[in-house]
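# Examining the three-dimensional arrangement
Here is what each chain is made of, one letter per residue.
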Amino acid sequence: MNQYLAVTSNGLENLLAQELEQMGLTSVKPVQAGVKFKASNEQIYRACLWSRYASRFVKVLSEFTCQDNMDLYLAASSINWVNHFHSSKKFIVDFNGTNREIRNSQYGAMKVKDAVVDVFTKKSLPRPNISKDRADVRVHVRLHRDKALIGLDMVGSGLHQRGYRTESGRAPLRETLAAAIVSRSGWEQGKNMLDLCVAQAHY
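Residues numbered from 1 in each chain as written. Predicted model: local features only at pLDDT ≥ 70, side-chain atom pairs only at ≥ 80, totals over all residues. Heavy atoms only, no water.

Under an unreviewed UniProt entry, the chain has the name 23S rRNA (Guanine-N-2-) -methyltransferase rlmL and belongs to Vibrio variabilis.

## Focus on the packing of helix α3 (residues 69–77) against helix α4 (residues 105–122)
Running from N to C, α3 and α4 point in directions that differ by 35°, and their axes come no closer than 8 Å. Of the two possible hands of crossing, α3 and α4 adopt the one that is right-handed. Within the contact between the two elements, α3 uses N69, L72, Y73, A76 and S77 and α4 uses Y107, G108, K111, V112, D114, A115, D118, V119 and K122. (Axes fitted to C-alpha atoms, helices over the stretch in contact; angles between N-to-C directions. Helix = DSSP H or I, 4+ residues; strand = E, 2+ residues; numbered from the N terminus. Left-handed = near helix turned anticlockwise from the far one by under 90°. Contact = heavy atoms within 4.5 Å.)

## Details of the environment of V119
With respect to the helices, strands and loops of the structure, V119 is situated in helix α4. Overall, V119 belongs to the buried group, its relative accessible area being 9%. For the pair formed by V119 and V82, sequence separation is 37 residues and the distance between their alpha carbons is 7.6 Å. (Buried < 20%, exposed > 50% of the residue type's maximum accessible area, 1.4 Å probe, protein only.)

## Description of α3
Because an α-helix packs 3.6 residues into every turn, residues spaced three or four apart end up facing the same way. What α3 keeps buried is the set L72, Y73, A75 and A76. Each buried residue of α3 lies within a common arc of 165° when the element is viewed along its axis, so the set occupies one face. Elements in contact with the buried residues of α3: β4 (56–65), β5 (91–96), α4, β6 (137–144) and β7 (147–153). (Arc of directions from axis to C-beta.)

## Description of the packing of aromatic side chains
Evaluated as defined, the whole model comprises five aromatic pairs. When the centroid spacing of 5.8 Å and the interplanar angle of 25° are considered together, the rings of Y4 and F37 count as stacked. Remark: F37 occurs in strand β3 (residues 34–39) and Y4 occurs in strand β1 (residues 2–7); sequence separation between them is 33 residues. Note on F37: relative accessible area 0%, which makes it buried. Between F85 and F91, the aromatic rings sit 5.7 Å apart at their centres with planes inclined by 40°, giving tilted as the arrangement. F85 gets classed as buried once you look at its relative accessible area, which sits at 6%. Aromatic ring contacts, followed pair by pair, group W81, F85, F91 and F120 into a single cluster. (Phe/Tyr/Trp six-rings, centres within 6.5 Å; stacked < 30°, edge-to-face > 60°.)

Below, the structure written as structure tokens:
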């Protein structure tokens, strides 16, 4: 059983927590814009496939107190990245959040990137390359005040990008948010639903 973070929109944490509990996941705990839980490999794969409210799932590798860039670098470099991906793989760091000392997410991402690369080079292994568009591995970092989390993104692109939408309007609604709105509306499966926005557009 590994620790995971399911990322969602602010306000949807409890809805996502209920969904994960219904999937049989344990140690479910809502946090800001997400839900922490424990899962086996089979359970996390099922969650990635069937969750309607999570935008991504992250395997937690480290949680730590982060006051400044040195705390961030040391925590990231203490992870044995060699066990998680090969140096031939391209990676990217997604950094979310700031604090008093780390005021820029790009700067935070750079410090983590440096730490990951240093882990490989200190073991006399080839340096893994960075790729924004074609990354094989996405490192997820979340920082809030003095609390930080580093993990591996389990899904790549956000889960709201299901791949079936061929076109979108001026202000497309994320599928994850749409599912939450439908759930909160009180609609029951098997009953008809009228989308008033679409109905008005065709009127």
